[in-house]
Amino acid sequence: MEKVVVFKEGVDKGEVRLEGKRISIGRDPSSAIPLNDLSVSRNHACLMRVFDDYYVEDLGSTNGTFLNDRQVKKHIICNNDRLRIGSFELRFVAAAASKTDLDRTVVLQPHAATTPIKQPDRSQQQRVVIPKTATLRFFRGPLKGLQERIDRSLYTIGRPGGNVAAIARRPQGFYLLHIGGNQYPSINNQQLKTTKGIQLKEGDVIEVGENLAEISFRPRASKQSRAS
């Protein structure tokens, strides 16, 4: 199970296991993660679970919410990420993903699991075709004309407070997830209408709010890209 370890001025104050889809953080004693200090707003932030991923959302706090020393409004969090809320630091610890990833593989490819003799061929094929990096080429939105290389576990698309999606890199490939907003993202003009991840294929066109981009797993000639 995922958890956060709470520190104040470098001193370990204990850990909180994350249960449920919404975990409140704030000075209010009823918060799931209560932080008793005037530097923390009463309802400061929350952690939201979407499928097997978490993101943090600031709830209009006075002093802001910082992810790895960068102020954020809404953002995906990964294993060992550090949240700074007032005078506290919350370190996110993710659960082991091996069993979950295996279960997803069985669900996505049930025909392979029913014939044990074909298992070696499937494994060999995955080692060959599963990409480690991807490239997004933007045709519309703030990054129009630019390319973004995805080589980390989670990459977010969209603006905090609006329609937000994420591309998650998993052992089976890259998946598109709906994170926030009233409008679900689309793949090739087909709206997801689900919070579960959909695996992306070569040449898929992704639409998230004002953003329109094509994903590729093939090496491309280098072009101007957004500074990381």
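Everything below is about the structure shown above.
Below is a summary of the structure that appears in this document. (Residues numbered from 1 in each chain as written. Predicted model: local features only at pLDDT ≥ 70, side-chain atom pairs only at ≥ 80, totals over all residues. Heavy atoms only, no water.)

## Thoughts on the packing of aromatic side chains
(1) Moving on: The full count for this structure, using the stated rule, is two aromatic pairs.
(2) Moving on: With a centroid separation of 5.6 Å and an interplanar angle of 55°, the aromatic rings of Tyr 54 and Phe 92 are classed as tilted. Taken as a pair, Tyr 54 in strand S6 (residues 53–58) and Phe 92 in strand S11 (residues 88–93) lie far apart in primary sequence, 38 residues in all.
(3) Moving on: The ring of Tyr 175 has Arg 170 lying over it, and the distance from NZ or CZ to the ring centre is 5.3 Å. (Phe/Tyr/Trp six-rings, centres within 6.5 Å; stacked < 30°, edge-to-face > 60°. Helix = DSSP H or I, 4+ residues; strand = E, 2+ residues; numbered from the N terminus. Lys NZ or Arg CZ within 6 Å of the ring centre and 35° of its normal.)

## Looking at the pairing of strand S1 (residues 3–8)
(1) Moving on: The sheet contact formed by S1 and S11 spans six bridges and is antiparallel. In the sheet register, Phe 7 faces S11, and the bridge partner there is Glu 89.
(2) Moving on: Sheet topology places S1 next to strand S2 (residues 11–17); six bridges connect them, and they run antiparallel. Bridge assignment links Val 4 to a residue of S2, and that residue is Val 16.
(3) Moving on: With antiparallel pairing between neighbouring strands as the criterion, S1 and S2 make up a hairpin whose turn holds two residues, including Glu 9 at a positive phi of roughly 55°. (Pairing = 2+ DSSP bridges.)

## Notes on the sheet that holds strand S18 (residues 190–191)
(1) Moving on: One open sheet holds the six strands; their spatial order is S13-S12-S21-S20-S17-S18, and the pairing between them is antiparallel. A strand with exactly one partner marks an edge of an open sheet, and here the two such strands are strand S13 (147–150) and S18.
(2) Moving on: Sheet analysis places strand S12 (residues 134–140) next to S13, joined by four bridges and oriented antiparallel. The residue bridging Arg 137 from the neighbouring strand is Gln 147, located in S13.

## Points about the nonpolar core
(1) Moving on: Core analysis: the largest hydrophobic core is formed by 20 residues, its most contacted members being Leu 18, Ile 33, Leu 35, Leu 47, Ile 77 and Leu 90.
(2) Moving on: Of all the secondary structure elements, the ones that give two or more residues to this core are S1, strand S3 (22–26), strand S5 (45–50), S6, strand S10 (82–85) and S11.
(3) Moving on: Among the elements that make up this core, the one with the highest residue count is S11 (three residues).
(4) Moving on: Every residue in contact with Leu 18, bar those within four places of it in the chain, is listed here: Met 1, Glu 2, Lys 3, Val 4, Ile 23, Ile 33, Leu 47, Tyr 54 and Phe 92. (Core = buried A, V, L, I, M, F, W, Y, C linked by side-chain atoms within 4.5 Å. Buried < 20%, exposed > 50% of the residue type's maximum accessible area, 1.4 Å probe, protein only. Contact = heavy atoms within 4.5 Å.)

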